[in-house]
Amino acid sequence: MPEGPSIVIMREQTAGFIGKTIVRASGNTKGVDMAALQGQPVLDLRSWGKHFLIRLPHLALRIHLLMFGSYRINERKDTQPRLSLGFDDGEELNFYTCSIKTIDADLDSQYDWRGDIMSDQWSAAAALKKLRAAPDTLVCDALLDQTIFAGVGNIIKNEVLFRIRVHPLSTVGALPAAKLRELVAQAREYSFDFLEWKKAFVLKQHWLAHTKRICPRCDLPFHKGHLGKTQRRSFFCPNCQKQYPAAPLPAEKPVRPVRSGSKARSQRTPPPS
């Protein structure tokens, strides 16, 4: 699933369509009046979390790429698009395998830009307030909560928790205050690192935990499991990622080491404090 930084890249790549007029609209999406789009100028293109937003005079299009969605600028795939927009200068914008809905054109009344991890209006204080109001939430779920961290996805979740040395089954309320502030700060910092690496086509080269087998700090096997209410894959080192509180949570499914062809160091080193 594309995460917030990837939607920012989409917004930047499509910025040239602002000011152009739609002369053709088609596609197999339901619930969108294609005829009503024709003749409408694109007033703005915005992103909020994982939402790509096309603002027109009387409505806006909200596009979510889901797990496998994609888009093409001035080219087409060999499959019918969910939405195809043709413009007055002959250019076109096509969306595939995604969710498309029409919403009110007043985006500011519908979106709290302070919650978008990539926004200039991002508010760390607002995120901390929301986290403190949900002390029993697992951190692996909290980071994926789009009402707190709009744009954070599974890659960012795994990498942030590894960076700050926190076990994914920790609860928000058990984290020390300094560690909670670090979680919020690194969610934003890693998202912008993600953006830079994605633009340079080197994102995967910088993954330290996500889909990895061996902890680069401890030289021990990572564990993985579908954890929390979200049941998204977590990759973590039980040696250097501390769990708060220390007692395991019995309601969770057991996790297992990631299989590896190489032998990891047999002697464990104590986790850092």
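Note that the coordinates shown come from a computational prediction; the quantities given were computed from them, not determined experimentally.

Caption draft 1: Seen up close, the packing of helix H5 (residues 154-163) against helix H6 (residues 177-199). Relative orientation of the contacting elements H5 and H6 amounts to 125°, with a least axis distance of 9 Å. Regarding the angle of H5 to H6, the classification is oblique. Classified by chirality, the crossing of H6 by H5 is right-handed. Mapping the contact onto sequence places Ile 155, Ile 156, Glu 159, Val 160, Leu 161 and Arg 163 in H5 and Leu 183, Gln 186, Ala 187, Glu 189, Tyr 190, Ser 191, Asp 193, Phe 194 and Trp 197 in H6. In terms of residue class, the contact of H5 with H6 is made up of nine nonpolar, two polar and four charged.

Caption draft 2: Geometry of the packing of aromatic side chains. According to the stated counting rule, one finds seven aromatic pairs in the structure shown. Ring centres 5.7 Å apart and planes at 75° place the aromatic pair Tyr 190 and Trp 197 in the edge-to-face group. Here Tyr 190 falls in the buried class, since its relative accessible area comes to 1%. Residue class for Trp 197 comes out buried when judged on its relative accessible area of 14%. Members of the aromatic cluster, each reached through a chain of ring pairs, are Trp 48, Tyr 111 and Trp 113. We note Lys 20 situated over the ring of Phe 17; from NZ or CZ to the ring centre the distance is 5.1 Å. Over the ring of Tyr 96 we find Lys 77; its NZ or CZ atom is 5.2 Å from the centre of that ring.

Reading guide: rules and limits
Residues numbered from 1 in each chain as written. Predicted model: local features only at pLDDT ≥ 70, side-chain atom pairs only at ≥ 80, totals over all residues. Heavy atoms only, no water. Axes fitted to C-alpha atoms, helices over the stretch in contact; angles between N-to-C directions. Helix = DSSP H or I, 4+ residues; strand = E, 2+ residues; numbered from the N terminus. Parallel < 35°, antiparallel > 145°, perpendicular 65-115°, else oblique. Left-handed = near helix turned anticlockwise from the far one by under 90°. Contact = heavy atoms within 4.5 Å. Nonpolar A, V, L, I, M, F, W, Y, C, P; charged D, E, K, R; others polar. Phe/Tyr/Trp six-rings, centres within 6.5 Å; stacked < 30°, edge-to-face > 60°. Buried < 20%, exposed > 50% of the residue type's maximum accessible area, 1.4 Å probe, protein only. Lys NZ or Arg CZ within 6 Å of the ring centre and 35° of its normal.

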